[in-house]
Amino acid sequence: MKDRIVLAYSGGLDTSVAIGWIADATGAEVVAVAVDVGQGGEDMETIRQRALGCGAVEAYVADARDEFANEYCMPTLKANGLYQGHYPLVSAISRPVIVKHLVKAAREFGATTVAHGCTGKGNDQVRFEVGIQTLGPDLKCIAPVRDLALTRDKAIAYAEEKQLPIVTTKKNPYSIDQNVWGRAVETGYLEDIWNAPTKDIYDYTQTPEFPPAPDEVTITFVQGVPTALDGVELTPLQVIQELNRRAGAQGVGRIDVVEDRLVGIKSREIYEAPGAMALITAHKHLEDITIEREHARFKATVGQRWSELVYDGQWFSPLKRALDTFIEDSQQYVSGDIRMVLHGGTAVVNGRRSDTSLYDFSLATYDTGDTFDQSSAKGFIDLWGMSSKVASSRDQRVAGE
Ligand code: ARG
């Protein structure tokens, strides 16, 4: 029996050509696996048929939309996961779920190797291969674009020569990756970091300069997970989809950054993540009233470290798992409602309520009903400033000597 290779298949030019390219180079049979993480666009059955048309011996579509929303997007929300304070980890969190399905398919179809279409310059190759090594240590990895010299020009020439059922003429200058948590656009004109993104780059968001009327939404959370919008119960996937639509219409969640890739390159990225950014904003505001101060401060640093690990391809690592436990525990009381207004590129919170809130009106108020004992403040301040005061008098003494 011929050796089998499972290929992470997107339906695009590179991975379509990779099917024959890998088979020619290795003599193996190629099984194409497409994972639906809510990327939208083309119908998954069309993509499956294209893989077969390009020479795959088997082609398989995994519907991972709910799994992705529940087990990847929700932990990212609980962590308020933003790499370098900006990027909601859109591609970084989709790789581990795709890896799970690739390894599963390798077992089902008796493959010894897993292939992906990444280049040698990005983070995604690392995420795929570290994930595969972790979940299937016996499996080998190949990357035809990186390891078998499959350049874009060669891909177009190959597709035309073999008459593959794929459009090769429409040259999209950008490298795009998208799923329900958001969309990432890079390369081309954007590589000059002074160039402002043009309108055609965006798909999930409308231009915020000319917004429709403000849209007020109430998001209900139970232990850090959104469970309803405006009182209508929804699954996490439905919440994200609905907020992509409503916040997207207002141009919320456009991000333009230069970020540090794991491989040492700084790269310009345009992201749009309307649902994710609206949810992270709402979630943070609910944490503000339900998590105790020191716990919240420490959680912010945990969330940052968590985001770096996830960005760096360490989704399945012991440290990431340990931080998950901390973050999960922190969500025990993060339940309640957040009201926010989506308008003209912003998502602004204007109301919050929770049965497990730590906000104490009688401590906070400056009006009647105040229970805060102001006389305790003076002694507190004397002790709080004591060590700095002692150090400062030493500094002044030494400076005067
Ligand atoms: N820079 C982002 C990341 O590393 C997005 C990568 C998007 N991938 C792509 N093939 N366009 O997570």
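Residues numbered from 1 in each chain as written. Predicted model: local features only at pLDDT ≥ 70, side-chain atom pairs only at ≥ 80, totals over all residues. Heavy atoms only, no water.

A.B. asks: Can you break down the sheet that holds strand β6 (residues 175-179) residue by residue, with the values?
C.D. replies: Taken together, 4 strands build an open sheet; the order of strands is β6-β7-β12-β11 and the sheet is antiparallel. Edge positions in the sheet fall to β6 and β11 (254-260), since each of these pairs with one other strand and no more. This sheet shows a mean twist of 20° between the axes of neighbouring strands, independent of strand direction. Sheet analysis places strand β7 (residues 182-186) next to strand β12 (residues 266-272), joined by 3 bridges and oriented antiparallel. (Pairing = 2+ DSSP bridges. Helix = DSSP H or I, 4+ residues; strand = E, 2+ residues; numbered from the N terminus. Axes fitted to C-alpha atoms, helices over the stretch in contact; angles between N-to-C directions.)

A.B. asks: Lay out the state of the cysteines with the relevant residues and their values.
C.D. replies: Cysteine pairs can be covalently joined through their sulfur atoms, and such a bond is termed a disulfide. Under the definition given, this model contains 0 disulfides. Cysteine C54 shares no disulfide, and the gap to the nearest cysteine sulfur, in C118, comes to 19 Å. (Disulfide = S-S within 2.5 Å.)

A.B. asks: Summarise the site of the ligand; cite the residues concerned and give the values.
C.D. replies: Of all residues adjacent to the ligand, which total 15 residues, the nearest are Y87, N123, R127, S175 and E259. A distance of 2.7 Å separates an oxygen atom of the ligand from a polar side-chain atom of N123. A total of 350 Å² of accessible area belongs to the ligand in isolation, and the protein chains cover 90% of it. When residues of the shell around the ligand are traced back to their parent elements, those giving at least two are α4 (90-108), α5 (124-135), β6, β7 and β12. Residue contributions to the shell around the ligand peak at 3 residues, all from β6. Split by residue class, the shell around the ligand holds 6 nonpolar, 3 polar and 6 charged. (Near = heavy atom within 4 Å. Polar contact = N/O pair within 3.5 Å; in protein donor to acceptor, adjacent residues only side chain to side chain. Areas by Shrake-Rupley, 256 points an atom, 1.4 Å probe, with all protein chains shown as cover. Nonpolar A, V, L, I, M, F, W, Y, C, P; charged D, E, K, R; others polar.)

A.B. asks: How would you sum up the nonpolar core? Please name residues and give values.
C.D. replies: Residues F68, I93, W181, I219, L279 and M340 are the most contacted members of the largest nonpolar core, which totals 77 residues. It is α4 that contributes the most residues to this core, 10 residues altogether. Once you skip the residues sitting within four places of it in the chain, I93 turns out to touch F68, Y72, C73, T76, W181, V310 and W315. Membership of the second largest hydrophobic core comes to 29 residues, among which are L7, A28, A59 and I166. (Core = buried A, V, L, I, M, F, W, Y, C linked by side-chain atoms within 4.5 Å. Buried < 20%, exposed > 50% of the residue type's maximum accessible area, 1.4 Å probe, protein only. Contact = heavy atoms within 4.5 Å.)

A.B. asks: Go over the packing of aromatic side chains, please, and point to the residues and values.
C.D. replies: Per the counting criterion, the structure on display carries 10 aromatic pairs. Seen in terms of ring centroids, Y60 and F109 are 6.0 Å apart; in terms of plane orientation they differ by 70°. Their pairing is edge-to-face. Highlighted residues: Y60 in strand β3 (residues 58-63) and F109 in the loop between α4 and β4 (113-115), separated in sequence by 49 residues. Considering the side-chain rings of Y87 and Y271, the 4.0 Å spacing of their centres and the 10° angle between planes classify their relative orientation as stacked. In this pair, Y87 sits in the loop between α3 (65-78) and α4 while Y271 sits in strand β12, placing the two residues 184 residues apart along the sequence. Accessibility expressed as a relative area gives 2% for Y87, which makes it buried. An aromatic cluster is built from F68, Y72, W306 and W315, whose rings are joined through pairwise contacts. Of note, R254 hangs over the ring of Y202, and the distance from its end group to the ring centre comes to 3.6 Å. Stacked on the ring of W315, the Lys or Arg K320 has its end atom at 3.8 Å from the ring centre. (Phe/Tyr/Trp six-rings, centres within 6.5 Å; stacked < 30°, edge-to-face > 60°. Lys NZ or Arg CZ within 6 Å of the ring centre and 35° of its normal.)

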